[in-house]
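The primary structure of each chain is shown beneath.
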Amino acid sequence: MAIKVNLSKENNQLIIRIEERFDFSLHQAFRDAYINVKTNNTEFVLDLSSTSYMDSSALGMILLLKDHAEVLSGTVTIRKPSDTVNKILEIAQFHRLLKIEY
Amino acid sequence: MKIKAMTLLLIGFVISICQLAHVLYSGFGVISFLMALTVSLVLLYFIFVSRKTAIFTRIKDENVPKYTERSQSDSDKLIHTTLEQISELVDQQVSVIDNEINRTNTLVRDATEGLSQSFKHLQSLSCEQQQMMNRVINNHRNIGDEKETSLEDFVNDSSRTLEEFVNVIITTSKQSLQAMSFTEEMSKQLDGIFNLLAEVENLASQTNLLALNAAIEAARAGDAGRGFAVVASEVRSLSVNSTELNNDIRKEIFKTQTIIGNLRDSVEVMASADMTSTLESKENVSNMVVNVARINKESSEIIDNLAGLTPQINDTVSIGVRSLQFEDLTNQTLTSLKYNLDNLTSISHKLSMINLSDKNITNTLQDILLNCHDVTDKTNKINNQRSVSQSSMDEGDIDLF
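Quantities reported herein were computed from a predicted structural model and do not represent experimental measurements.

What counts and how
- Residues numbered from 1 in each chain as written.
- Chains lettered and ligands numbered in written order.
- Predicted model: local features only at pLDDT ≥ 70, side-chain atom pairs only at ≥ 80, totals over all residues.
- Heavy atoms only, no water.
- Contact = heavy atoms within 4.5 Å.
- Buried area = accessible area lost by both parts, 1.4 Å probe.
- Salt bridge = Lys/Arg side-chain N within 4 Å of Asp/Glu carboxyl O.
- Polar contact = N/O pair within 3.5 Å; in protein donor to acceptor, adjacent residues only side chain to side chain.
- Helix = DSSP H or I, 4+ residues; strand = E, 2+ residues; numbered from the N terminus.
- Nonpolar A, V, L, I, M, F, W, Y, C, P; charged D, E, K, R; others polar.
- Phe/Tyr/Trp six-rings, centres within 6.5 Å; stacked < 30°, edge-to-face > 60°.
- Buried < 20%, exposed > 50% of the residue type's maximum accessible area, 1.4 Å probe, protein only.
- Lys NZ or Arg CZ within 6 Å of the ring centre and 35° of its normal.
- Pairing = 2+ DSSP bridges.
- Patch = residues over 30% accessible without salt bridge, like charges linked within 9 Å, V, L, I, M, F, W, Y side chains within 5 Å.
- Areas by Shrake-Rupley, 256 points an atom, 1.4 Å probe, with all protein chains shown as cover.
- Core = buried A, V, L, I, M, F, W, Y, C linked by side-chain atoms within 4.5 Å.

Asker: I'd like to hear about the interface of chain A and chain B, residue by residue, with values.
Answerer: In this assembly, 21 residues from chain A lie in contact with 25 residues from chain B. Across the interface of chain A and chain B, roughly 1900 Å² is buried in total on both sides, 70% from carbon and sulfur atoms. Taken together, chain A and chain B are joined by 3 salt bridges. Residue Lys174 of chain B is joined to Asp67 of chain A by a salt bridge in which the shortest nitrogen-to-oxygen separation is 2.9 Å. Our enumeration of links across chain A and chain B arrives at 8 residue pairs in polar contact (both at pLDDT 80 or more). Broken down by secondary-structure element, the contributors of at least two residues to the side of chain A that touches chain B are α1 (27-35), β5 (51-54), α2 (56-71) and α3 (83-91) of chain A. The dominant element in the side of chain A that touches chain B, judged by the number of residues it contributes, is α2 of chain A, at 8 residues. For the side of chain A that touches chain B, the per-class residue count stands at 11 nonpolar, 6 polar and 4 charged.

This is the structure we're talking about:
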């Protein structure tokens, strides 16, 4: 599985790590990773350090995650995107919408 | 007596040479110089002859107190002839110089006319060039549409369009994914219906079993159960129909599941757009923005430089036109040379009139001397006036003619 999920109850943090390709094939698994987290103020961390490719459906998935986080008054942070992935995030102007840690 | 006359003659010629030197000094080149040289040579020759004559006369005075009238008259004749020759020579030289002055006048006038035309043409060409430049600059600044959109605006528009395009793609992806999750839920709902159908199926088979039991009981009751057997049979056929209906529903729902599968595929295509080409486009547009900015900066600098060139060309043309005044100045100089030449001619004529046998020779010589003084004074006066008048062509402003 190209998705690794790590839920830390103490830190109120959910880390979703995507490996290699981040595309439509992951949409169900990605949704499953967060949809059952209903705790308020959860910090959703998207670790893209091992992601080599991303298409527009990945951007759509991130926006859906953001919607989910906003309902819970939580935040979404993108962690260490590679150069290619970062360029796509820049085109989509995600740095205006989300916190990106380099 | 003779020596005194010679001295006077000498003084006359020295004044002539001064006059000549003055002409030379006025800058009228080789011709003046040649003339001066010729006159000087003739004068030297004359002095030589007169000195010889003088020596001869002196020897005669010492050794032969009574010199003959004949030799005296020969000597006078020789002097007269020489003076006439000088006069002719001066006339000839003056006429050559006069012709050359006229020729120079014509040359200068023609050249000035040519230069003036050329300057006028140069200026009109410069104006034309400036207009063309302005057209080129205007064309360069817009992309040739009706609104005269500048290249910069066009690139910025492209950049904005690209951003909007990216937004549309992302929004579409997001909406598609949401639709996808609804579809998944619908699929789960259909699975629930399958479970319900299984229960219905179960009920139908139990009903069927029950109807079978009823039929058996009815047969056992004999004639009394005949009517009940008909009812049992109907119930059984109802249960069979119910199972068939159940199977039909199951088939329909199965079809729906297949359609949902197709829907999922379509949504996948809709949601997944490869961003690589968009990325390239974005980079191209970004580079274009930088390039257009650089080109605009360079163009502005060139335009500024061009704008500065036209006044410079105009100034240069004005200087050229002003310099054409040299025609007037040269004319004046040449005309004043004619005055000097006239003086030379008149003095030389007077010299040729000298007749040594004439009793009034003293008066004639005094007259010549006075004339020489007069001419020298006048020439000096004119010369002083000239040095006061304009000597440079840079002074004064001149409009184009």
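Asker: Can you tell me about the environment of Ser357 of chain B, naming the residues and giving the values?
Answerer: Mapping Ser357 of chain B onto the fold places it in the loop between α7 (326-352) and α8 (361-388). For the pair formed by Ser357 of chain B and Asp76 of chain B, sequence separation is 281 residues and the distance between their alpha carbons is 6.9 Å.

Asker: So what's going on with the side chain of Lys66 of chain A? Residues and values would help.
Answerer: Note on placement: Lys66 of chain A falls in helix α2. Beyond its immediate sequence surroundings of up to four residues, Lys66 of chain A is in contact with Val76, Leu97 and Leu98 of chain A.

Asker: Let's hear about unusual backbone geometry: which residues, and what values?
Answerer: Residue and element names in this part refer to chain A. Of note in this structure, Glu20 is not a glycine but carries a positive phi near 55°. Along the chain, Glu20 turns up in strand β3 (residues 20-22). For Lys80, which is not glycine, the phi torsion reads 45° and is therefore positive. With respect to the helices and strands, the residue Lys80 is situated in the loop between β6 (75-79) and α3.

Asker: A description of the packing of aromatic side chains should follow, citing residues and the corresponding values.
Answerer: Residues and elements named next belong to chain A. Enumeration according to the criterion identifies 2 aromatic pairs over all chains in this entry. Ring centres 5.4 Å apart and planes at 50° place the aromatic pair Phe22 and Phe30 in the tilted group. Grouping residues by exposure puts Phe22 and Phe30 together as buried. The interplanar angle of 75° and the centroid separation of 5.7 Å between the aromatic rings of Phe30 and Tyr34 together place this pair among those described as edge-to-face. With Phe30 and Tyr34 both in helix α1, this residue pair falls 4 residues apart, about one helical turn. With a relative accessible area of 1%, Phe30 lands in the buried category. Through successive ring pairs, a cluster of aromatic residues spans Phe22, Phe30 and Tyr34. Above the face of the Tyr53 ring, Arg21 is positioned so that its terminal group lies 4.3 Å from the ring centre.

Asker: Can you tell me about the pairing of strand β2 (residues 13-18) of chain A, naming the residues and giving the values?
Answerer: Residues and elements named next belong to chain A. When strand β1 (residues 3-8) meets β2, the two strands line up antiparallel, connected through 6 bridges. By the bridge assignment for β2, Ile3 is matched with Ile18. The turn joining β1 and β2, which pair antiparallel and follow one another in sequence, is formed by 4 residues; a positive phi near 55° is taken by Asn12. Relative to strand β4 (residues 43-47), β2 is paired through 5 bridges, and the arrangement is parallel. When the bridges of β4 are listed, Ile15 appears paired with Val45.

Asker: Hey, could you go over a nonpolar patch on the surface for me, with residue numbers and the actual values?
Answerer: A cluster of nonpolar side chains, Leu209, Leu212 and Ile216 of chain B, forms an exposed patch at the surface whose accessible area comes to about 270 Å². Structurally, Ile216 of chain B is set in helix α4 (residues 151-220).

Asker: Let's hear about the nonpolar core: which residues, and what values?
Answerer: The nonpolar side chains of a soluble globular protein tend to be buried, and buried together. In terms of nonpolar packing, the biggest core is built from 44 residues, with Phe22 and Phe30 of chain A touching the most fellow members. Sorting the residues of this core by element identifies β2, α1, β4, α2, β6 and α3 of chain A together with α4 and α5 (226-271) of chain B as the ones contributing at least two each. Per-element tally for this core: the top contributor is α2 of chain A, with 8 residues. Those residues in contact with Phe30 of chain A that lie beyond four places of it in its chain are Ile3, Ile16, Ile18, Phe22, Leu46, Met61, Ile62 and Leu65 of chain A. Counting 19 residues, the second-largest nonpolar core is a separate cluster that includes Leu334, Leu337, Leu341 and Leu351 of chain B.

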